[in-house]
Amino acid sequence: QVQLVESGGGLVQAGGALRLSCAASGLTFSSYAMGWFRQAPGKEREFVASISWYGSSTRYADSVKGRFTISRDNAKNTVYLRMNSLKPEDTAVYYCAAKSTVATTWGYWGQGTQVTVSS
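The paragraphs below set out a description of the structure included in this document. (Residues numbered from 1 in each chain as written. Predicted model: local features only at pLDDT ≥ 70, side-chain atom pairs only at ≥ 80, totals over all residues. Heavy atoms only, no water.)

Glancing now at the pairing of strand β3 (residues 18-25). Pairing between strand β1 (residues 3-7) and β3: five bridges, direction antiparallel. Opposite Leu4, over in β3, you have Ala24 as the bridge partner. (Pairing = 2+ DSSP bridges. Helix = DSSP H or I, 4+ residues; strand = E, 2+ residues; numbered from the N terminus.)

Another aspect to go through is the state of the cysteines. Under the criterion given, the structure shown has one disulfide. Each sulfur of the disulfide joining Cys22 and Cys96 lies 1.9 Å from the other. Pair noted here: Cys22 is in strand β3 and Cys96 is in strand β9 (residues 92-100), with a separation of 74 residues, a long-range link. Judged by its relative accessible area of 0%, Cys22 is buried. Overall, the relative accessible area of 0% leaves Cys96 in the buried class. (Disulfide = S-S within 2.5 Å. Buried < 20%, exposed > 50% of the residue type's maximum accessible area, 1.4 Å probe, protein only.)

Here we have four strands laid out as an open sheet, ordered β1-β3-β8-β7, and antiparallel in their pairing. Pairing within the sheet leaves two strands with one partner each, and these edge strands are β1 and β7 (68-73). Between one strand and the next, the sheet's axes are offset by a mean angle of 15 degrees, whatever the strand orientation. The pairing of β3 with strand β8 (residues 78-83) spans six bridges and is antiparallel. (Axes fitted to C-alpha atoms, helices over the stretch in contact; angles between N-to-C directions.)

Tracing the chain through its elements places Ser30 in the loop between β3 and β4 (32-39). Sequence separation between Ser30 and Thr101 is 71 residues; the distance between their C-alpha atoms is 9.7 Å. Excluding anything up to four places from it in sequence, Ser30 contacts Trp53, Tyr54, Arg72 and Asn74. (Contact = heavy atoms within 4.5 Å.)

This part is about the side chain of Arg38. If you trace the backbone, Arg38 turns up in strand β4. Here the side chain of Arg38 touches Asp90 through a polar contact of 2.9 Å, side chain to side chain. A polar side-chain atom of Arg38 sits 2.9 Å from a polar atom in the side chain of Tyr94. (Polar contact = N/O pair within 3.5 Å; in protein donor to acceptor, adjacent residues only side chain to side chain.)

Before going further, it helps to spend a moment on the packing of aromatic side chains. Evaluated as defined, the whole model comprises five aromatic pairs. An aromatic cluster is present here, built from Phe37, Phe47, Trp106 and Trp109 joined pairwise through their rings. The aromatic ring of Tyr95 is capped on one face by Arg45, whose charged end is 5.6 Å from the ring centroid. (Phe/Tyr/Trp six-rings, centres within 6.5 Å; stacked < 30°, edge-to-face > 60°. Lys NZ or Arg CZ within 6 Å of the ring centre and 35° of its normal.)

Before going further, it helps to spend a moment on unusual backbone geometry. Backbone geometry places Asn77, a non-glycine residue, at a positive phi of 55 degrees. Positive phi, normally seen in glycine, also occurs at Ser85, with a value near 50 degrees. Structurally, the position occupied by Ser85 is in the loop between β8 and β9. Take Ser85: its relative accessible area is 40%, and that puts it in the partly exposed class.

If you want it as structure tokens, here you go:
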């Protein structure tokens with residue numbers, strides 16, 4: 001059974017930083033691209049960042065480029081999202097997701113972790 005468990009969310013002031021973690025189990029982690037998505041109240045879930053299975057390629061939403069960094073540790077089956085210079089508009093539930101190398105959609109999702117940025 002595949003499980004993705006996010007942690008590291010919380011309340012932070014604008015300009016602050018947080019690091020989210022997502023621990024994966026039940027899958028061959030190094031065979032999956034990993035991604036972070038977020039959903040703010042009343043809005044649709046949106047893409048934040050992704051990283052290829054060996055970490056050689058990363059992508060970011062324009063809204064977080066230069067502030068967020070995605071990374072992974074295949075030895076620990078964990079993906080991270082370092083978030084710097086946080087803004088109130090970054091407030092959302094953050095989800096990690098996994099996509100196998102042969103898939104076109106994100107097949108597995110975590111339960112989410114709340115990030116709240118106060119102004």
